[in-house]
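What follows is the residue order along each chain.
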Amino acid sequence: MAFLELNNIRKEFGRFVAVEAFNLQVERGEFVSFLGPSGCGKTTTLRMIAGFELPTTGQITIDGQEMTYTRPNARNIGMVFQSYALFPNMTVAGNIGFGLKVAGKAAAEIKERVAEMLQLIGLADLGERYPYQLSGGQQQRVALARALAIRPQLLLLDEPLSALDAKIRMNLRNEIRSIQRQLGITTIYVTHDQEEALSLSDRIVVMSAGRMEQVGSPFEIYNFPQTRFVASFVGTLNIVPATVVNGARGEVQIDGQQITLAAGIDGVPNGAQVTVALRPEALSLSESGANRLVGHVENIAFLGSIVRIYIRLDETLLSLDEFNNPHLTLPAIGAATTIYFPLEAGLILP
């Protein structure tokens, strides 16, 4: 039996169905992210795990115990919110020790645990400060320490980094993952940021309109999307209409130019329309790979470490990524060019 199980979870708000047919098993110590756009049901699902919302139907089991309708304070769950939710009238130490005080722990035990948490989050010298005296990143560290101080069996994080700037967000997400691995605590992380989900997670649950679109490792989600939504939401992707030339041999045409896929297309007749997905980083202007498409350069965008080149075939516009370096030679806008890519770069979307 998995440590956390959600079976046939459904949540209705009046006539609106926020979450539907949600089934998930999470192993002990696993880090799972719920990824999706705003309004897809990921936070509602998290709140049902925490007990702040009750499912309309379905069952939630934690460590073998049925918890569907158990009060939040009886679930031994730590939760970190987007807004930090620190008590402004309490010091950092007071905030971290609050849950322990409510639980009736002895003062000496609280003091020892607070010191341990301050050390863990790298704020050992700031225990007597108040939240307003801390940066946003430091406040979120305190919120994390407060959630961990009670030694929860499950840690829930609801978009905890979205209010922070990019550099702090990157540093803090690495710290969260490091602490999670160090403590071995089962963690559910809600985010709309695909980079966060891909870099942090053991597995990702991609959600759309209250439903699970796909569950898998970051590698599986990125490289083998099972639905058009996952393909378009996770990473940058060229989604291209194509015509089947020979399904058995995986041969298709894009704007009249033939390419070959690594696998045949089962059950699709020749002449049928299909959708091919091509990642920009799989395409190259260097002569490598069995496939080639001829077009002209429509635009070039500098994105820091990446240079994105837009190439027009006929009706189809493809984006291609090159790593930026001082010696990179780029084609001129309007110039004719050829795109190369291997057989396995093309993926047929359902």
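Residues numbered from 1 in each chain as written. Predicted model: local features only at pLDDT ≥ 70, side-chain atom pairs only at ≥ 80, totals over all residues. Heavy atoms only, no water.

Undergrad: I tried to follow helix 5 (residues 166-183) on my own but got confused; where do I start?
TA: An α-helical turn contains 3.6 residues, so any two residues separated by three or four positions project in the same direction. The terminal C-alpha atoms of helix 5, which comprises 18 residues, lie 26 Å apart, in line with the 26 Å expected from a rise of 1.5 Å per residue. Among the residues of helix 5, Leu-172, Arg-173, Ile-176, Arg-177, Ile-179 and Gln-180 are the ones counted as buried. Along helix 5, the residues classed as buried sweep out an arc of 165 degrees about the axis, all on the same side. Those residues of helix 5 that are exposed and aimed more than 90 degrees away from the buried face are Lys-167, Arg-181 and Gln-182. Packed against the buried residues of helix 5 are strand 3 (31-35), helix 3 (107-120), helix 4 (136-149), strand 7 (154-158), strand 8 (186-191) and helix 6 (194-200). (Helix = DSSP H or I, 4+ residues; strand = E, 2+ residues; numbered from the N terminus. Expected span 1.5 Å × (residues − 1). Buried < 20%, exposed > 50% of the residue type's maximum accessible area, 1.4 Å probe, protein only. Arc of directions from axis to C-beta. Contact = heavy atoms within 4.5 Å.)

Undergrad: How should the sheet that holds strand 2 (residues 16-26) be read in this particular structure?
TA: Where strands meet in a sheet, backbone hydrogen bonds hold them as pairs that are either parallel or antiparallel. If you trace the 4 strands from one edge of the open sheet to the other, you get 2-1-4-5, paired in antiparallel fashion. The sheet terminates laterally at strand 2 and strand 5 (65-66), the two strands that pair on one side only. Alignment of strand 1 (residues 4-13) against strand 4 (residues 57-62), held across 5 bridges, turns out to be antiparallel. Paired with Leu-4 across the two strands is Ile-62, which belongs to strand 4. Along the sheet, helix 1 (residues 42-50) contacts strand 1, strand 2 and strand 4; its crossing angle with strand 1, the most-contacted strand, is approximately 120 degrees. (Pairing = 2+ DSSP bridges. Axes fitted to C-alpha atoms, helices over the stretch in contact; angles between N-to-C directions.)

Undergrad: For this particular structure, what's the right way to read the environment of Leu-126?
TA: In this fold, Leu-126 is placed in the loop between helix 3 and helix 4. The class for Leu-126 is buried, based on a relative accessible area of 12%. Sequence spacing of Leu-126 and Thr-91 is 35 residues, and the spatial spacing of their C-alpha atoms is 8.9 Å. Sequence-distant contacts of Leu-126, that is, excluding residues within four places in its chain, are made with Val-92, Leu-134 and Gln-138.

Undergrad: Looking at this structure, I do not really get the confidence of the model for the protein. What am I missing?
TA: Keep in mind that low pLDDT regions are not for reading the predicted coordinates in detail. The predicted model of the protein averages 93 in pLDDT, with 100% of residues at 70 or higher. When pLDDT is averaged over each helix and strand of the protein, the minimum, 88, is found for strand 19 (residues 346-349) and the maximum, 98, for strand 9 (residues 203-208). (pLDDT = per-residue confidence, 0-100.)

Undergrad: Before we go on, may I ask you to explain the packing of aromatic side chains in this structure?
TA: We describe a pair of aromatic rings using the distance from one ring centre to the other and the angle between the two ring planes. The tally for this structure, following the rule as stated, stands at 6 aromatic pairs. Look at Tyr-130 and Tyr-132: their rings are 6.4 Å apart centre to centre, the planes differ by 20 degrees, and that puts the pair in the stacked class. The positively charged end of Arg-279 is found above the aromatic ring belonging to Tyr-222, 3.9 Å away from the centroid. (Phe/Tyr/Trp six-rings, centres within 6.5 Å; stacked < 30°, edge-to-face > 60°. Lys NZ or Arg CZ within 6 Å of the ring centre and 35° of its normal.)

Undergrad: So what exactly am I meant to see when it comes to the pairing of strand 12 (residues 251-254) here?
TA: Note on strand geometry: in a regular strand, side chains alternate between the two faces of the sheet. With 3 bridges joining them, strand 11 (residues 238-246) and strand 12 adopt antiparallel strand pairing. Among the inter-strand pairings, Thr-243 is bridged to a residue of strand 12, identified as Gln-253. Looking at chain direction, strand 12 and strand 13 (residues 257-260) are connected through 4 bridges and run antiparallel. Residue Glu-251 lies in a different strand from strand 13, and its bridge partner there is Thr-260. Here strand 12 hands over to strand 13 after 2 residues, with Asp-255 in that stretch at a positive phi of 50 degrees.

Undergrad: Looking at this structure, I do not really get the packing of helix 2 (residues 92-102) against helix 3. What am I missing?
TA: Two packed helices can be described by the angle between their axes and the distance between those axes. One can describe the packing of helix 2 onto helix 3 by two numbers: an axis separation of 9 Å at closest approach and a directional angle of 125 degrees. Relative to helix 3, the element helix 2 is oriented oblique. In terms of crossing hand, the pair formed by helix 2 and helix 3 is right-handed. Contact with helix 2, carried on its side by Val-92, Ala-93, Ile-96, Gly-97, Leu-100 and Lys-101, involves Ile-110, Arg-113, Val-114, Met-117 and Leu-118 of helix 3 and no other residues of that element. (Parallel < 35°, antiparallel > 145°, perpendicular 65-115°, else oblique. Left-handed = near helix turned anticlockwise from the far one by under 90°.)

Undergrad: Explain the nonpolar core here, please?
TA: Grouped together as the largest cluster of nonpolar side chains are 34 residues, with contacts concentrated most on Ile-96, Val-142, Leu-144, Leu-148 and Leu-155. Considering each element in turn, this core owes the most residues, 7 residues, to helix 4. Setting aside chain neighbours within four positions, we find Leu-155 in contact with Gly-78, Val-80, Leu-144, Ala-147, Leu-148, Ile-185, Thr-186, Thr-187 and Ile-188. Counting residues in hydrophobic clusters, the runner-up holds 27 residues, among them Phe-34, Ala-50, Ile-60 and Met-207. (Core = buried A, V, L, I, M, F, W, Y, C linked by side-chain atoms within 4.5 Å.)

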